[in-house]
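Residue-level structure breakdown
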Amino acid sequence: MPFPTNIELDFRSGVPIYAQIVHMVETMVYQGELSPGDQLPTVRQLASDLRVNFNTVARAYRMLDEAHLISTQQGRGTYILERPTEEVRSQLRQEVLAGLTNRYLTEAERLGFTLDEVKNDIEHQSILWGKRPIENE
């Protein structure tokens, strides 16, 4: 099955591009768009297709490889291995969340916010987030 070419990244979402690529590949595997044995584009090809930095795609592929979702074989290419277990999915999600948190805290520090200000805002935003309507109800 060929790799889908209708991939859309959201450069304004605040979600790191590498995390979006990881999520995209994982979703395609779960939805059956990609199956074990399917070949992914090379890092260079996907970076070119998505118009992103080579290192961004390399980081996403490295995370997927460490999670045993893909396998890169020198001279042969990169292939889907299997559907990830819940443990692997959880690990990938935690890594993505840690990256988002790190970006947020780094930016808050750069802008001069104190740790107490950040903690208070997170508590406030968490309360608001918990009150938002749930989409699938």
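None of these values were measured; they are calculated from a predicted model.

**Digging into the confidence of the model for the protein chain**
Across the protein chain, the average pLDDT comes to 85, with 93% of residues at 70 or higher. For the protein chain, helix H4 (residues 86–110) is the element with the lowest average pLDDT, namely 81, and helix H3 (residues 54–66) is the one with the highest, namely 93.

**Section: the sheet that holds strand S2 (residues 70–73)**
In space, the three strands of this open sheet follow the order S1-S3-S2, with antiparallel pairing throughout. The outermost strands of the open sheet, each flanked by one partner alone, are strand S1 (39–40) and S2. With four bridges connecting them, S2 and strand S3 (residues 77–80) associate as antiparallel partners. By the bridge assignment, threonine 72 is partnered in S3 with threonine 78. Packed onto the sheet, H3 meets S1, S2 and S3 and runs at close to 110° relative to S2.

**Re the packing of aromatic side chains**
Scanning the entire structure with this criterion turns up zero aromatic pairs. Geometry around phenylalanine 54 places arginine 44 over its ring, the cationic atom sitting 4.6 Å from the centre. The ring of tyrosine 18 has arginine 59 sitting right over it, with the charged end atom 3.9 Å from the ring centre.

**Concerning helix H1 (residues 17–30)**
The end-to-end C-alpha distance of H1, which contains 14 residues, comes to 20 Å, matching closely the 20 Å that a straight helix rising 1.5 Å per residue would cover. On its buried face, H1 sits against helix H2 (43–50), H3, S3 and H4.

**Some points on the packing of H1 against H3**
It is the contact of H1 with H3, at a shortest axis distance of 8 Å, that shows an interaxial angle of 45°. Comparing the axis directions of H1 and H3 gives the class oblique. Like other packed secondary-structure pairs, H1 and H3 cross with a definite hand, here right-handed. For the pair formed by H1 and H3, the contact residues are Ile17, Tyr18, Ile21, Val22 and Val25 on the first element and Thr56, Val57, Arg59, Ala60, Met63 and Leu64 on the second. Split by residue class, the contact of H1 with H3 holds nine nonpolar, one polar and one charged.

**A few points about the packing of H4 against helix H5 (residues 115–130)**
The description of two packed helices rests on the angle between their axes and on the distance between the axes. Contact geometry of H4 with H5 gives a least axis separation of 11 Å together with a crossing angle of 130°. On the basis of the axis angle, H4 is oblique to H5. Once H4 is placed against H5, the crossing between them reads as right-handed. Touching Tyr104, Leu105 and Ala108 of H4 are Val118, Asp121 and Ile122, all from H5. For the contact of H4 with H5, the residue count by class is five nonpolar, no polar and one charged.

**Re the nonpolar core**
By size, the foremost hydrophobic cluster in this structure holds 31 residues, and its most contacted members are Ile21, Val57 and Tyr61. Of all the secondary-structure elements, those providing two or more residues to this core are H1, H2, H3 and H4. When residues in this core are grouped by element, the largest group, nine residues, is from H1. With residues up to four places along the chain from it excluded, the contact list for tyrosine 61 reads Leu40, Pro41, Thr42, Val43, Leu46, Ile70 and Thr78.

Each value, and the rule that gives it
- Residues numbered from 1 in each chain as written.
- Predicted model: local features only at pLDDT ≥ 70, side-chain atom pairs only at ≥ 80, totals over all residues.
- Heavy atoms only, no water.
- pLDDT = per-residue confidence, 0-100.
- Helix = DSSP H or I, 4+ residues; strand = E, 2+ residues; numbered from the N terminus.
- Pairing = 2+ DSSP bridges.
- Contact = heavy atoms within 4.5 Å.
- Axes fitted to C-alpha atoms, helices over the stretch in contact; angles between N-to-C directions.
- Phe/Tyr/Trp six-rings, centres within 6.5 Å; stacked < 30°, edge-to-face > 60°.
- Lys NZ or Arg CZ within 6 Å of the ring centre and 35° of its normal.
- Expected span 1.5 Å × (residues − 1).
- Parallel < 35°, antiparallel > 145°, perpendicular 65-115°, else oblique.
- Left-handed = near helix turned anticlockwise from the far one by under 90°.
- Nonpolar A, V, L, I, M, F, W, Y, C, P; charged D, E, K, R; others polar.
- Core = buried A, V, L, I, M, F, W, Y, C linked by side-chain atoms within 4.5 Å.
- Buried < 20%, exposed > 50% of the residue type's maximum accessible area, 1.4 Å probe, protein only.

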